Amino acid sequence: MAVSSPRATPARPRLRRTCAARLAARLAALTLLALSCWLPAHADATLPPGLEPPVAVTRTAIDPPAEVTQLTGPLVVRVKVVVGRDGAVRRVQRVAPPNPPWDVTVMRAVAQWGFRPGRYHGKPVVVAVNFSHTFVPPPPPKKPENLGPERSCVLRGKIVEKGTRAPAGRVTVVATVTGGWGRKRFRVVTDVRGRFRLALPPGKVRVTLHGGGYLPFLQRETLAPDQGLAVAYYIQRERYDPYEIVVFGKKRRRELSRVTLRGAEIQQVPGTFGDPFRVVATLPGVSSIMSLLPLPVVRGASPGSTGFLIDGTRVPLLFHLLSGPSVIHPAFIDEVRFYPGGAPVLYGGYTAGIIDGRTRRARQGERMADVDVNFLQAGGLVRTPVPALGATLTVAGRVGYPGLILSLATNEASLSYWDYQVRLDGGNPRNGWTVFAFGAWDEVEGPVADADPNDPEPELEPVLQLGFHRLDLRAHHGRGKWDGRYRLVTGLDQTLSGDTEISKLVVEPTLRWTVRPLDTLEVVGGVEGLYHNTDLGQGSEVGNRVANQAETDPLIQGLTHITVATALVEALWRPTPRWLVRPGVRADWRYDGETALLAADPRVSARYRLGVLNVPGLSHAATATSDAELRQAERAGAETADDSRATWLKAGVGLFHQPPRMFLPLPGLDMLPLRSGLLAAIQSSVGLEIGLGDGFSVGVETYYNHMDPVVFDLEINPTSVVTEAQQQLLNPRASRPPTDTQDVLDRLLAAQRGRAMGLELMIRRQSRKGPYGWVAYTLSLSEREKSGSWVPYDFDRTHLLNVVAGLRLPRNWDLGLRLQYQTGKPATTTAGYNTARGAGFFRVDLRVDKRAVWNKWLFDFYIDVTNLALLPEEITPGATIRYVLPTVGVRARF
């Protein structure tokens, strides 16, 4: 045996320790040991200012010679080591009389070591180090233990979680065997796959299982002489979360303004029907046109300015029937990333928020089956390995039958929808591929054209059909400091209404590369393309009529072909551990066959780590405070480098462009002609993020968005409610001219300016076991310029408040509550356009989940009630609705 020790002049540098810092200190121990071993002699001296000692970067263990067994006591070898400017060992000298083979062994080993060179005021220098190594004689051999009776039997098997069938690793198996020789206890710990093997003597066996997070387990067995027994034990967890997520490593903050929701936060929030994308309505900066419609108004911008994406790619129809559940099975969505503003240059084509549902790759060998049935729809998901391809296959789909509920009120309309997803994941997270096919179809039925108006049950036919299909091909590879991601998305969008049929062919390639030339610098570059070919139904009589209309209709003229070419580059630079600077720029060239437009979007954001705020009563780990300590902690992977407990100051500004879009997009009719120009917005914000420990965090952010121009803005309020004086005795309605459609179009297509400003506050607790939720408050103002003066936007709401709370109760009960309040929307009165406000809206939602556990499957029963108190909501001034929407469903996972 041997022990190395330094003889150093300076005091040994340490992270400040508390009792709670032991875990962080262990993780950083390797770095600290290497640092302390390369300081000059005299342990009571101080380190000269500006001097950074060398740090070993290779294995530093010294194997003792064979003569170590002859030692009768410790033997110390002292040498002087000279480390060059390049970190190589230049010379090793004895500082004591020769004593082979001990000094020769040390000198040969040290000569092969490598170091990060010492520095003086940042410049590499040559450093001489006194080093001592102590050889210790090996301990005397242990006396043989009394092994007891002969262990001729074998108990082997696998421990799996009851209900989920997941392997239970790190579980202690204790076998107490009773025989004619007495009683003896044996134990073993399962591996990561839950497997174990234990040699036992014959007799009666009492098997108990013990593991963190699991309930006690007891099983009795009997072993005959020379018997081998294979078993499978199902151990029950203390509680089950069907939406539990697996996180590998810690994620560091890289964006200016982003909220990421996962697990129960996206699938168990009351009032969202378990839909991940609807949860965004509970976050800061988000209001709504109407509470039941998933059309968000993000920071005062029209719904058409916010992008709904799946893995960064836009889908033409995110919600079934425009207001139902999303078109992707919730089990596919791993997390939802919400950018209320300041999105990085990786996202383009929108001037407001970004809502990106991120899916995850299936793990190798993963198996799962999931069935979900409620009042409105039924769906399922199956995941299984495909050994022949070295991949994992996932197939999912849902069928909606809201028409059954609607038939209780009327027989003159019916609604239905379906969707599908098929995904194949191969390779591994660094080098792999994915094939992802998904699509959806919605159908609205009404009476046939020649139906008898007096018929109580008329024959129905489709009056509106919406659908799309996508094939998403991906490949990614990594090598050293390079990563490449390649993607091709193709698809078909369709909208059918009566005799009108519109279809669109979609091709969207993406190439993106990431390189890390330095530990402190990451550069991302890429090119993207988009080609849309729209077919307006030419060939048929109706199609030719629509095609002729397209030559003059300003809304669809020039929509036959749309081409977009994009180039982007951004950098993530950490000049010090406290700073993160993220500059970037993207350039988009757009052409619709008539108009070509080029736009460049430069953006920059920065984050600065102020320190750590320790709050009494909350759990804390030891945290590095200086830049040097932060670097050491990051290299060691210690908890002290975790951003979740830091206080960050953040700021950013950027330019955003987008083509004119329908505020209520339909497949094939999402973008408008470019002749109206591009919408543009300058977004700026400043904020503070504070990690409080124990899962608590506070975020405060102020923003100002300047929108110029704004085209095709969603506006519903009349410009005036004053009518002209009546000059005749006839009924004024009989003589009023019909509404001029051209006036409406002129108002939508007229370019105007807008601005939005506000303050957002979010207090959040994230927890996998205890209570979770958030309080989100927004104070905002959104305006448009009308006739030279600023007036409130039609959907401006001064105060927005959402309270979301989830409580995990014993015996696998979950309780969720949501409180929502929004001030009223502006209203036009005789005093002028948007000079008053309607009534505010308050809503209470409740959700209850209960899980039952069997050996090989889980059963979940849930009740979700929207607007539990039946409170009124004002739609237009003076017109309100009252509703309550209960949803009862069951879910089984195998």
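These numbers come from a predicted model, not from an experiment.

## A word on the sheet that holds strand 15 (residues 217–223)
Part 1 of the argument: Taken in spatial order, the four strands line up as 12-11-14-15 in an open sheet, and their pairing is antiparallel. For this open sheet the edge positions go to strand 12 (182–189) and strand 15, each flanked by a neighbour on one side alone. Averaged over all adjacent pairs, the angle separating strand axes in this sheet is 20°, with direction ignored.
Part 2 of the argument: Where strand 14 (residues 203–210) meets strand 15, seven bridges bridge the pair, whose relative direction is antiparallel. Among the inter-strand pairings, V207 is bridged to a residue of strand 15, identified as Q219.

## A closer look at the sheet that holds strand 7 (residues 119–120)
Part 1 of the argument: Read across the open sheet, the three strands follow the order 2-7-8; overall the sheet is antiparallel. Looking at the sheet topology across the chains shown, the edges are occupied by strand 2 (51–52) and strand 8 (123–124).
Part 2 of the argument: In the sheet, strand 2 pairs with strand 7 via two bridges, with the strands oriented antiparallel. For L51, the partnering residue across the bridge sits in strand 7 and is Y120.

## Section: the pattern of salt bridges
Part 1 of the argument: With the rule as written, the count across this model stands at 47 salt bridges.
Part 2 of the argument: E701 serves as the salt-bridge partner of K650, at 3.3 Å between the closest nitrogen and oxygen. One end of the pair, K650, is in strand 36 (residues 647–658); the other, E701, is in strand 38 (residues 696–710), with 51 residues separating them in the sequence. You'll find K650 and E701 in the same group, each marked buried.
Part 3 of the argument: Linking R843 and D845 is a salt bridge whose minimum nitrogen-to-oxygen distance equals 2.8 Å.
Part 4 of the argument: For D845, a relative accessible area of 1% puts it in the buried group.
Part 5 of the argument: Several salt bridges share partner residues, and in doing so they unite R299, R607, K650, E689, E701 and E760 into one network.

## With respect to the pairing of strand 11 (residues 172–179)
Part 1 of the argument: Pairing of strand 11 with strand 12, which is carried by eight bridges, proceeds in the antiparallel orientation. For V177, the partnering residue across the bridge sits in strand 12 and is K184.
Part 2 of the argument: The antiparallel pairing of strand 11 with strand 12 creates a hairpin that spans two residues between the two strands.
Part 3 of the argument: Sheet analysis places strand 11 next to strand 14, joined by seven bridges and oriented antiparallel. By the bridge assignment, V173 is partnered in strand 14 with L209.

## Some details on the pairing of strand 24 (residues 368–374)
Part 1 of the argument: Strand direction decides the pairing type here: strand 24 and strand 25 (residues 377–386), joined by six bridges, are antiparallel. Directly across from D370, in strand 25, lies its bridge partner L381.
Part 2 of the argument: Of the pairings in the sheet, the one linking strand 24 to strand 50 (residues 885–893) comprises five bridges and is antiparallel in character. By the bridge assignment for strand 50, N374 is matched with G889.

## Section: the nonpolar core
Part 1 of the argument: Core analysis: the largest hydrophobic core is formed by 34 residues, its most contacted members being F277 and W774.
Part 2 of the argument: For this core, the secondary-structure elements that each account for two or more residues are strand 20 (307–310), strand 22 (333–339), strand 28 (432–447), strand 29 (460–479) and strand 40 (772–786).
Part 3 of the argument: Aside from chain neighbours lying at most four places away, what touches F277 is F308, L309, I310, L318, F319, S326, I333, I355 and G357.

## A short note on a positive patch on the surface
Part 1 of the argument: Together, R183, R185, R187, R206 and R220 line one region of the surface with positive charge.
Part 2 of the argument: For the positive patch, the element with the highest residue contribution is strand 12, accounting for three residues.
Part 3 of the argument: Relative to the helices and strands, R187 is located in strand 12.

## Some points on the environment of P810
Part 1 of the argument: By secondary structure assignment, the location of P810 is in the loop between strand 42 (799–809) and strand 43 (813–822).
Part 2 of the argument: Judged by its relative accessible area of 65%, P810 is exposed.
Part 3 of the argument: With 571 residues separating them along the chain, P810 and R239 place their C-alpha atoms 7.6 Å apart.

## A word on the environment of R893
Part 1 of the argument: Looking at the secondary structure, you find R893 in strand 50.
Part 2 of the argument: Distance in space between the C-alpha atoms of R893 and F859 is 6.6 Å, their sequence separation being 34 residues.
Part 3 of the argument: Within the structure, the side chain of R893 is placed 3.3 Å from the side chain of D370, a separation counted as a polar contact.

## Notes on helix 3 (residues 102–111)
Part 1 of the argument: Of all ten residues making up helix 3, seven are buried, and the element is well covered by its neighbours.
Part 2 of the argument: Within the span of helix 3, buried status applies to W102, D103, T105, V106, M107, A109 and V110.
Part 3 of the argument: Contacts made by the buried residues of helix 3 are with strand 4 (75–83), strand 5 (89–94) and strand 9 (127–135).

## A few points about the packing of aromatic side chains
Part 1 of the argument: As enumerated under the stated definition, the model contains 15 aromatic pairs in all.
Part 2 of the argument: Between the aromatic rings of F332 and F436, the centroid separation amounts to 5.5 Å while the plane-to-plane angle is 25°, which identifies the pairing as stacked. With F332 in the loop between strand 21 (313–314) and strand 22 and F436 in strand 28, this pair connects stretches of sequence that are 104 residues apart.
Part 3 of the argument: Taking the relative accessible area as the measure of exposure, F332 reaches 3% and is therefore buried.
Part 4 of the argument: For F436, a relative accessible area of 0% gives the class buried.
Part 5 of the argument: Aromatic side chains F438 and F468 sit 6.1 Å apart centroid to centroid with 75° between the ring planes, which places their arrangement in the edge-to-face category. Here F438, found in strand 28, pairs with F468, found in strand 29; they are 30 residues apart in sequence, far enough to count as distant.
Part 6 of the argument: Given the relative accessible area of 0%, F468 is considered buried.
Part 7 of the argument: Ring pairing ties together the aromatic residues F332, F436, F438 and F468, which thus form one cluster.

## Description of a nonpolar patch on the surface
Part 1 of the argument: Taken together, the side chains of V700, L759, L761, I763, V775, L779, L801, Y821 and F842 present a nonpolar region at the surface, about 630 Å² in accessible area.
Part 2 of the argument: Considering every element that reaches the nonpolar patch, the biggest residue donor is strand 39 (residues 752–765), with three residues.
Part 3 of the argument: Counting through the fold element by element, V775 comes out in strand 40.

## Considering unusual backbone geometry
Part 1 of the argument: With omega at 0°, the peptide bond leading from P100 into P101 counts as cis.
Part 2 of the argument: Examined against the element boundaries, P101 turns out to sit in the loop between strand 5 and helix 3.
Part 3 of the argument: Following D708, the chain continues into P709 via a peptide bond in cis, with omega recorded as 0°.
Part 4 of the argument: Within the secondary structure, P709 sits in strand 38.
Part 5 of the argument: The backbone of F273 shows a phi angle near 60°, a positive value even though the residue is not glycine.
Part 6 of the argument: The class of F273 is partly exposed, set by a relative accessible area of 33%.
Part 7 of the argument: Despite not being glycine, N834 has its phi angle at roughly 55°, a positive value.

## Let's talk about the side chain of T282
Part 1 of the argument: By secondary structure assignment, the location of T282 is in the loop between helix 4 (264–267) and strand 18 (286–288).
Part 2 of the argument: For T282, the side chain forms a polar contact with the main-chain oxygen of V279, separated by 2.7 Å.
Part 3 of the argument: In this structure, T282 is in contact with V269, W774, A776, N802, V804 and R818, ignoring residues within four places of it in sequence.

## Considerations on the confidence of the model for the protein
Atom-level detail of predicted coordinates should not be read off regions where pLDDT is low.
Part 1 of the argument: On average, the protein scores 82 in pLDDT, and the residues at 70 or more come to 82%.
Part 2 of the argument: Model confidence for the protein, summarised as mean pLDDT per element, is weakest for helix 2 (residues 29–36) at 34 and strongest for strand 34 (residues 579–591) at 96.

## Observations concerning the side chain of E715
Part 1 of the argument: Relative to the helices and strands, E715 resides in the loop between strand 38 and helix 8 (732–735).
Part 2 of the argument: At 3.1 Å, the side chain of E715 and the side chain of Q752 are in polar contact.
Part 3 of the argument: Here the side chain of E715 touches K786 through a polar contact of 2.9 Å, side chain to side chain.
Part 4 of the argument: Leaving out residues up to four positions away in the same chain, E715 has contacts with R747, Q752, K786, Y793, D794 and Y833.

The rules behind these values
- Residues numbered from 1 in each chain as written.
- Predicted model: local features only at pLDDT ≥ 70, side-chain atom pairs only at ≥ 80, totals over all residues.
- Heavy atoms only, no water.
- Pairing = 2+ DSSP bridges.
- Helix = DSSP H or I, 4+ residues; strand = E, 2+ residues; numbered from the N terminus.
- Axes fitted to C-alpha atoms, helices over the stretch in contact; angles between N-to-C directions.
- Salt bridge = Lys/Arg side-chain N within 4 Å of Asp/Glu carboxyl O.
- Buried < 20%, exposed > 50% of the residue type's maximum accessible area, 1.4 Å probe, protein only.
- Core = buried A, V, L, I, M, F, W, Y, C linked by side-chain atoms within 4.5 Å.
- Contact = heavy atoms within 4.5 Å.
- Patch = residues over 30% accessible without salt bridge, like charges linked within 9 Å, V, L, I, M, F, W, Y side chains within 5 Å.
- Areas by Shrake-Rupley, 256 points an atom, 1.4 Å probe, with all protein chains shown as cover.
- Lys, Arg positive; Asp, Glu negative; His and termini not counted.
- Charge placed at Lys NZ, Arg CZ, Asp CG, Glu CD.
- Polar contact = N/O pair within 3.5 Å; in protein donor to acceptor, adjacent residues only side chain to side chain.
- Phe/Tyr/Trp six-rings, centres within 6.5 Å; stacked < 30°, edge-to-face > 60°.
- pLDDT = per-residue confidence, 0-100.

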